[in-house]
Each structure stands twice: as structure tokens, then as C-alpha cells.
Amino acid sequence: MGNKEISIGLFGFGCVGQGLYDVLNHSEGLKANIDKICVKDKNKKRKIESSFFTYDKNVILNQGHHNVIVELIDNANEAFEIVKEAMSNGVSVVSANKKMLAENFKELYNLQLKNNVALIYEGSAGGSIPIIRNLEEYYDNELLSSVKGILNGTCNYILSRMELENKDYADILKDAQLNGFAESDPWLDVAGFDTKFKILLLTIHAFGIVLKPDDVFNTGIQNVSYDDILYAKQRGLRIKMLGVSQKVGDKYRVYALPHFVNRESELFNVLYEYNAVEVEGAFSCKQTLVGKGAGSHPTGSAVLSDISALTYDYKYGYKKLKKALSINPNIEEGIKQVEFDFPIKLYIRFQDKEQLKELEILNVEEEYKSTTTNYIIANVSFNSLFNIYNKRDNKLFICGI
Ligand SMILES: NC(=O)c1ccc[n+]([C@@H]2O[C@H](COP(=O)([O-])OP(=O)(O)OC[C@H]3O[C@@H](n4cnc5c(N)ncnc54)[C@H](OP(=O)(O)O)[C@@H]3O)[C@@H](O)[C@H]2O)c1
């Protein structure tokens, strides 16, 4: 046990990879060094000596020089191939790739058991916020009832600036793209997919339930307008893009959806690129962790913490998942514990009533029409939200109340 030396084979030297390089250079006492870095673009200028770099993944994967692989690339399919190969070679892996982890969790879990290696990924949800190991270790016996949070820095940055600068979505999105706070194709972030991947990972560690991305409904801020921000502002509320995983009775509800939050909520004052995770348990009550949800150094520091954990051979115990699997060994049947048939109260802004026809509206509590904006406050069958799932041409803005 303890403090073994780590020789890192690193994949990716972009935002997070360079952040890791910096924080590792400033850390004292950790016996870890980056030995080789695999990147893609041969023509890109690098900030450090060229002798570090390779463009051939086999230089890292097949030569047995590294006892830890750190995967920080931006392509989920290529990342999956790298991580699978490393684990099959008996090497532990650190990753921050929520999409890759969420899409392939079952296979990655089985590879950990089969090869007796660790796959740890604190940087994949909440950036610098230490939430996964806390759910796994600190809250291991707590009767958790809810984990929810602001998990996407891009959405929170856009919503904060729209409200505080009285501007519309398109203006702020453009500016966010110019300033590096949003991708050139922002769909995965703004439409709630990124939040969904993260809440899916947190659900595994909080409740031991493994879901596939398509099992979890998400919509985001892609259709938000200043009218919605104004609606919230006039009522002392703010719109926050939330990932939600909560126990209701003996079932779980898991989704990613914008919500109105009020001043009493700890999430109200979490602004710009900050993230927050609120954990609620029977005995610990409500606790909120707040921190930078993305960025080079904050995410690099979460990755460094994982590398440090590997010096004492840390692995996720998956205690809650293993307990669930001892009752039903089919990991895919975790979905049976998830509830889809329940009413959810929503604010829905629309242009034309036709747009509402795919939703099963149970009852309308309030309806507003004007020349510029129309909305309803209604209870809607949650199941029917899947009828508008991942449709880029859907123009409704939907917000939980
Ligand atoms: N950015 C954040 O704040 C943040 C926060 C949390 C988690 N993450 C996750 O961290 C990961 C990295 O994100 P990032 O923002 O650092 O991405 P990025 O800035 O776009 O950098 C990606 C890096 O991956 C390299 N790369 C791409 N495909 C490769 C391949 N097949 N083999 C080797 N290298 C390859 C690129 O090489 P070139 O340099 O040659 O182009 C580049 O160095 C992603 O999974 C992301 O979701 C990011």
C-alpha cells in the first residue's frame, strides 16, 4: 500500500491535458511524472519539448513503460478504444470523459473487474468538485434521497450573463464561443446532454443504478429566450440547468432539465462557469458543494487527485452497485427501479399551440398569451417528454417548477 511511483502515459494535451501538466509540475510530494503524451495533430505548436509527444497510441499502450494511463481526449469513441486497451493490458486509467463513460459504463465496469484494474474519473462530473469519491466513500452508508446540481459550466455561464446583462441567448452564446466558454457546436452542452452524462455517472455512485444515456430524458437551454429570464426575474427566481437524480418512494427519477430556483436555494447564487452539487440524505440533510465546473487547472486538479489516489491503489468500490447486483445480477435491469410515469409541473413557452401536441398535458394551471410570447404552466406526463427528445427542430423552452 501507499505512495508508489507513477509513470503516466497521457492521451491529449488540450485544455485539460495542459492543465494537468501544470498542476502536476506545481505539486509537491507526489511521485508521478508524465512520460509520454499522445496527441493527434502533427502540425500543432506545443508548449513543451517535442520529445514528450507521439502520434501513435501504441507507443504508450503496447510498450509497458507506464503504470497509469490518463485519457484526456475530446473524442468519446477513440477514447473508449484507448481505455479498453489499457485496461485489458492490466493498466489503471484516469479519465474525465463523461460521454465515453456514460455511453459504455457496463463494459467499462466489467473490464475493471475482469482485469483487476482501476478506472477513476473525478474530473468527469462537476470539474474540480470532489463529488464522485464522496458519494462512493463518505456517503457509502447514508440513506441518500437526492443528488442534483448545476453540472454544465457553459449553460450556467450563458444563463448568468443573459440575466445580469439583459441580453438574448444568441448574443451571449456567440460571445461565449469567442471567449472559449462554449464549443463551436454547443449542442451537447446547451441541449443538456453533457448534464445528463454527468447525472448518469452520479446516479451510479449515489444509488447503484446504471442507466443508458437514451434512458434519461434531457432538454436544455437551446431554446431559452430573454422572455423566460424576465419571467423568472420578475418572480425572484433564476433559471438553472440541473441534473436531477432523486428517490421518490421506492423509485428513482433521473433527468436533466432547466429549473426555476428561488433565493432560498444554495444553487441560486452559483453563477457563470461555477457548478454545484446538492446532496440530500436522511441524516446528513442537505449539503452543497460548489466549485469551478470546468477549465484547464480546475479539471487538471481533479485529474491529479485521481492520479494521487492511484499511488495508494485506490479503486471505486461500487458498493451500492454491487449491493444492487447481489439482488439482481443483471446490470441492465437497474432501469426497473426508475420511474417514468409521473406528472411533472413545467413552464412551457411556445409560439404555436401545435408545438404542444406531442406532450401529454394533464392539466393547465396558468396560460399566458401575448403578441411576443406564450406560455403555460402545466402538469405534464413525464413519459411524454420523450416524444420531443433530441429533436433539434423542437422550439419549446421547458423549465421545471
Ligand atoms: N475542458 C474542460 O473544462 C473539461 C472539463 C471536464 C472534463 N473535460 C473532458 O476532458 C476531455 C478533454 O477535454 P479538453 O477540453 O481538454 O479537450 P481539447 O482541448 O479539445 O483537447 C483534446 C486533446 O485530445 C487530443 N486528441 C484528440 N483525439 C486524439 C486521439 N485519437 N489520440 C490522441 N490524442 C487525441 C487532441 O490532440 P491535438 O492537440 O493534436 O489536437 C488534443 O490535445 C474531454 O473528454 C472533456 O469532455 C473537459
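Residues numbered from 1 in each chain as written. Predicted model: local features only at pLDDT ≥ 70, side-chain atom pairs only at ≥ 80, totals over all residues. Heavy atoms only, no water.

## Considering the overall build of the protein chain
Looking only at helices and strands, the protein chain has 13 helices and 16 strands in total. The burial tally for the protein chain puts 55% of its 401 residues in the buried class. Taking as baseline every contact in the protein chain between residues at least 6 positions apart, the subset at least 24 positions apart corresponds to 72%. With the model as given, the accessible surface of the protein chain reaches about 17700 Å², and the carbon-plus-sulfur share is 46%. Considering the protein chain, the positive charge centre built from 47 side chains and the negative charge centre built from 52 side chains are found 1 Å apart. (Helix = DSSP H or I, 4+ residues; strand = E, 2+ residues; numbered from the N terminus. Buried < 20%, exposed > 50% of the residue type's maximum accessible area, 1.4 Å probe, protein only. Contact = heavy atoms within 4.5 Å. Areas by Shrake-Rupley, 256 points an atom, 1.4 Å probe, with all protein chains shown as cover. Lys, Arg positive; Asp, Glu negative; His and termini not counted. Charge placed at Lys NZ, Arg CZ, Asp CG, Glu CD.)

## Digging into helix α1 (residues 15-26)
Look at α1: 17 Å from first C-alpha to last across 12 residues, which is about the 16 Å you get at 1.5 Å a residue. At its buried positions, α1 is contacted by β1 (6-11), β2 (32-38), β4 (68-71) and α12 (296-311). (Expected span 1.5 Å × (residues − 1).)

## Description of the sheet that holds β1
Here we have 6 strands laid out as an open sheet, ordered β3-β2-β1-β4-β5-β6, and parallel in their pairing. The two strands at the open ends of the sheet, each matched to only one other strand, are β3 (53-54) and β6 (119-120). Where β2 meets β3, 2 bridges bridge the pair, whose relative direction is parallel. Looking at β3, one finds that C38 is bridged to T54. (Pairing = 2+ DSSP bridges.)

## A word on the site of the ligand
Close to the ligand lie 22 residues, the nearest being D41, K44, R46, E78 and G295. Within the contact set of the ligand, an oxygen atom lies 2.9 Å away from a backbone nitrogen or oxygen of F13. One nitrogen or oxygen atom from the side chain of R46 is found 2.8 Å from an oxygen atom belonging to the ligand. When the ligand is considered free in solution it has 900 Å² of accessible area, and contact with the protein chains removes 81% of it. Considered class by class, the residues forming the shell around the ligand number 9 nonpolar, 6 polar and 7 charged. (Near = heavy atom within 4 Å. Polar contact = N/O pair within 3.5 Å; in protein donor to acceptor, adjacent residues only side chain to side chain. Nonpolar A, V, L, I, M, F, W, Y, C, P; charged D, E, K, R; others polar.)

## A word on helix α3 (residues 76-88)
Across its 13 residues, α3 extends 18 Å between first and last C-alpha, which sits within 8% of the 18 Å expected from 1.5 Å per residue. For α3, the set of buried residues is A76, A79, F80, I82, V83, K84, A86 and M87. Of the residues that open α3, the one with a side-chain oxygen 3.0 Å from the backbone nitrogen of N77 is N75. At the exit of α3 stands G90, carrying a positive phi of roughly 85°.

## Section: the nonpolar core
Grouped together as the largest cluster of nonpolar side chains are 116 residues, with contacts concentrated most on L20, V70 and L202. Sorting elements by how many residues they give to this core places helix α10 (residues 193-207) first, with 9 residues. When residues of this core are assigned to domains, at least three fall in each of domain 1 (6-132 + 296-327) and domain 2 (340-401). Beyond its immediate sequence surroundings of up to four residues, L20 is in contact with L10, I34, V70, L72, G300, V303, L304 and I307. I158, V190, F260 and Y375 belong to the second largest nonpolar core, which has 26 residues in total. (Core = buried A, V, L, I, M, F, W, Y, C linked by side-chain atoms within 4.5 Å. Domains from an automatic or database assignment.)

## Quick word on the domain arrangement of the protein chain
For the protein chain, the assigned domains are domain 1 (6-132 + 296-327) and domain 2 (340-401). Between the C-alpha centres of domain 1 and domain 2 there is a distance of 41 Å.

## Topic: the packing of aromatic side chains
One pass over the full model with this rule turns up 30 aromatic pairs. On the numbers, 5.1 Å between centres and 85° between planes, the contact of Y109 with Y318 is edge-to-face. A residue pair is termed long-range when its members are at least 10 positions apart, and Y109 in helix α5 (residues 105-115) and Y318 in the loop between α12 and α13 (319-327) qualify at 209 residues. Grouping residues by exposure puts Y109 and Y318 together as buried. Judged by centre distance (6.4 Å) and plane angle (40°), the ring pair of W187 and F193 falls under tilted. Here W187 falls in the buried class, since its relative accessible area comes to 12%. Put simply, the rings of W187, F193, F217, Y255, F340, F342, F382, F386 and Y389 touch in pairs and so form one group of aromatic residues. The ring of F342 carries R253 above its face, with NZ or CZ at 3.8 Å from the centroid. (Phe/Tyr/Trp six-rings, centres within 6.5 Å; stacked < 30°, edge-to-face > 60°. Lys NZ or Arg CZ within 6 Å of the ring centre and 35° of its normal.)

## Some words on the pairing of strand β15 (residues 374-381)
With 8 of its 8 residues buried, β15 lies for the most part within the structure. Because side chains alternate across β15, one face comprises the buried residues N374, I376, A378 and V380, and the other comprises Y375, I377, N379 and S381, equally buried. Where strand β13 (residues 343-350) lies against β15, 8 bridges are found, and the strand directions are antiparallel. Each residue of the ladder has a partner; that of Y347, found in β15, is I377.

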